[in-house]
Amino acid sequence: MHSATEDEGCVAAWCADDEWCSVTCTAHLIGRKWHPVIVHRLLENGPLGFSALNDEIERISSTMLSNSLEDLEEKELVNRAIINEKPFRVEYSLTEQGAALEPVIEAMAAWGEGYLRA
């Protein structure tokens, strides 16, 4: 279990309030519409550049993807790395905390699949 001390980063601090439960914390971190989808695509494909990630997610605007990636990076779930090539490019990958969401994302996918079949 993740400790809620300030020196462990802002993710822990968001979940530190006594009124928050573990479900609330998880929902706060990945509860926005595109966040679980982005995490899912990065789990499936590994690190991706912005354009490749945008191609992997149907119906997301570039602005929404950029804002979502920024939020996930702020929440320490996604890393943003600048690759020094000519021209330089940006690559996104999951942090250890982001990768640890795999069972949650898999459960969401399984539940959604069953729901769509019903």
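Attention in this report is confined to the structure presented alongside it.

How each quantity is defined
Residues numbered from 1 in each chain as written. Predicted model: local features only at pLDDT ≥ 70, side-chain atom pairs only at ≥ 80, totals over all residues. Heavy atoms only, no water. Helix = DSSP H or I, 4+ residues; strand = E, 2+ residues; numbered from the N terminus. Contact = heavy atoms within 4.5 Å. Areas by Shrake-Rupley, 256 points an atom, 1.4 Å probe, with all protein chains shown as cover. Pairing = 2+ DSSP bridges. Buried < 20%, exposed > 50% of the residue type's maximum accessible area, 1.4 Å probe, protein only. Polar contact = N/O pair within 3.5 Å; in protein donor to acceptor, adjacent residues only side chain to side chain.

Along the chain, the regular secondary structure elements total seven helices and three strands. Counting from the amino terminus, the chain carries its helices and strands in the arrangement α-α-α-β-α-α-β-β-α-α. Sequence separation of at least 24 residues holds for 46% of the intrachain contacts in the chain that already meet a minimum separation of 6. For the chain, the computed accessible surface area is about 8000 Å², with 51% contributed by carbon and sulfur atoms.

Sheet analysis places strand β2 (residues 78-83) next to strand β3 (residues 89-94), joined by six bridges and oriented antiparallel. In the strand pairing of β3, R80 is matched with Y92. Linking two consecutive strands that pair antiparallel, namely β2 and β3, is a turn of five residues.

This part takes up the pairing of β3. Burial along β3 is one-sided: V90, Y92 and L94 are buried, while R89, E91 and S93, pointing the other way, are not. Sheet topology places strand β1 (residues 48-49) next to β3; two bridges connect them, and they run antiparallel. Across the sheet, the residue bridging to L48 is Y92, located in β3.

Within the secondary structure, T95 sits in the loop between β3 and α6 (96-99). Given the relative accessible area of 14%, T95 is considered buried. At 2.7 Å, the side chain of T95 and the backbone oxygen of E76 are in polar contact. One polar contact links the side chain of T95 to the main-chain amide nitrogen of G98, over a distance of 3.0 Å. Leave out the neighbours within four places in its chain, and T95 touches E76, L77, V78 and N79.

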